[in-house]
Amino acid sequence: MTRTAQQAPAAFSRALERALAGDALSLDEARALMSASADALPALCEAAASLNLQARSHRRVTYSRKVFLPLTNLCRDRCGYCTFVRGPRQAGAHTMSPDEVLDVARRGAALGCKEALISLGDHPELRHPEHQDTLSAWGYGSTVEYTAAMAQLVLEETGLVPHTNCGTLSDAEMALLTPWNASMGIMLEGVSPRLFAKGGAHQDTFTKRPEQRVATLEVAARARMAMTTGILIGIGESPEERADALMLIADVHQRTGVVQEVIVQNFRAKRSTRMSGAPEPDTGEVVRTLAAARLILGPQMNIQAPPNLNEDFGAYLSTGINDWGGISPLTMDFINPEAAWPAVDRLRAVTAEAGFTLRERTALYPGFIGAGWAGDTPAGRRVRELAGEDGFVREELEAW
């Protein structure tokens, strides 16, 4: 056995011990966990599950009942895996009108939804002058301005609490959105420089550099806006680079406290994209990444794994995750249209089979509600109307 092979199990064991002790991990230790061999996977999952229960002995796993509002599928970026984005003259290009937004939101509210997930491309008017013409005709100066107006419309007219994903933002842009959103999101996705090389997942992008994503998280922290971020695995990064990305997220959160949840999302290959032939991560690879993420990020972090991207999603409950993300009874996952949401009854059954109780949450996690995030804003006040003393959706409202 080589010296390197002898060192690998020892480094893994030390990293595992330090994570369980609550010690902040070094980059090398995080990489050792993320690079764990198949033989080490049971120990990795056992430790991750144990760490999760340090913060959640109640054994709850949460989800948010939502509608998905794809406000516009125009974008200035062109990622190698994306089928959501269209050019203005491509079939399927669309920007939702206020009437369309309100119609979907009202139908979602009637089905017991509490959250409106507003997703759109990053500043599409900077690439497509036609989009600016549309915005101007509707009386808006920018996509962010229009997004803020639609979040306000949804909140005031239906009571659904917006959570907006609209890419990189300045302080001034964040200020427009803050009153009408309980939380927002921007995925880090990855940190490998190879992703930006010719043929890479982020070859034709303007806003996917790690420093740009981190800057927006810092903007959100200054505005006291709780944020979702996370990594997209299987787009060309190595296991060590996944650890690098999670360590960067951990650093931002340690400095600012702004990250309310981290998503570990598996790449799904889609036809008509540059990455249509790229291999998808299998269940074992996702499980390893999730368990390592729990150990790297610690017991308090909310870690989410989308259940619609893997038929065997029940395996994720062995890794210390505590959230399934948004599930809609009305709208599909417009980012992954081939992947239907599981019915809530099935989600509850799978969760119970693993020994956990499924609970509905708002767009703002209980710990962030208790800490005063979203504050005395219209969105913050609405969250507090929906939440019970424990911070989850009040039981009489969850009975849908």
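On a predicted model such as this, the values are computed, not experimentally measured, just so you know.

Q: Even after reading the chapter, I still don't get empty space enclosed by the protein, so can you show me in this structure?
A: One way to see where empty space is left: roll a probe the size of a water molecule over the atoms. Under the criterion given, the structure shown has two cavities of 30 Å³ or more. Looking at the second largest cavity, the residues that line it are Glu189, Gly190, Val191, Ser192, Ile231, Leu232, Glu237, Glu241, Arg242 and Ala245. Elements represented by at least two residues in the lining of the second largest cavity include exactly strand 5 (226-233) and helix 9 (239-256). When residues in the lining of the second largest cavity are grouped by element, the largest group, three residues, is from helix 9.

Q: Sorry if this is basic, but what is going on with the packing of helix 2 (residues 27-34) against helix 10 (residues 283-297) here?
A: Contact pair helix 2 / helix 10: the axes reach a minimum separation of 9 Å and the direction vectors enclose 150 degrees. Our classification of the angle between helix 2 and helix 10 gives roughly antiparallel. The interaxial crossing formed by helix 2 with helix 10 has right-handed handedness. For the pair formed by helix 2 and helix 10, the contact residues are Ala30, Leu33 and Met34 on the first element and Arg288, Thr289, Ala292, Leu295 and Ile296 on the second.

Q: Which parts of the structure should I look at to understand helix 11 (residues 344-353)?
A: An α-helical segment advances 3.6 residues per turn. Residues three or four places apart therefore align on the same side. Regarding helix 11, the residues found buried are Val344, Leu347, Val350 and Thr351. Down the axis of helix 11, the buried set is contained in an arc of 125 degrees. They therefore lie on one face. The outward face of helix 11, more than 90 degrees from its buried face, is lined by the exposed residues Asp345 and Glu353. Its buried side turned inward, helix 11 meets strand 1 (60-72), strand 8 (323-327) and strand 9 (357-360). After helix 11 finishes, the residue Gly355 shows a positive phi value of roughly 90 degrees.

Cut-offs applied
Residues numbered from 1 in each chain as written. Predicted model: local features only at pLDDT ≥ 70, side-chain atom pairs only at ≥ 80, totals over all residues. Heavy atoms only, no water. 1 Å grid on protein atoms, 1.4 Å probe; cavity = no way out; pocket = protein on both sides within 12 Å on 5 of 7 lines; lining within 4 Å. Points joined across faces, edges and corners; volume = space filled by probe spheres on them. Helix = DSSP H or I, 4+ residues; strand = E, 2+ residues; numbered from the N terminus. Axes fitted to C-alpha atoms, helices over the stretch in contact; angles between N-to-C directions. Parallel < 35°, antiparallel > 145°, perpendicular 65-115°, else oblique. Left-handed = near helix turned anticlockwise from the far one by under 90°. Contact = heavy atoms within 4.5 Å. Buried < 20%, exposed > 50% of the residue type's maximum accessible area, 1.4 Å probe, protein only. Arc of directions from axis to C-beta.

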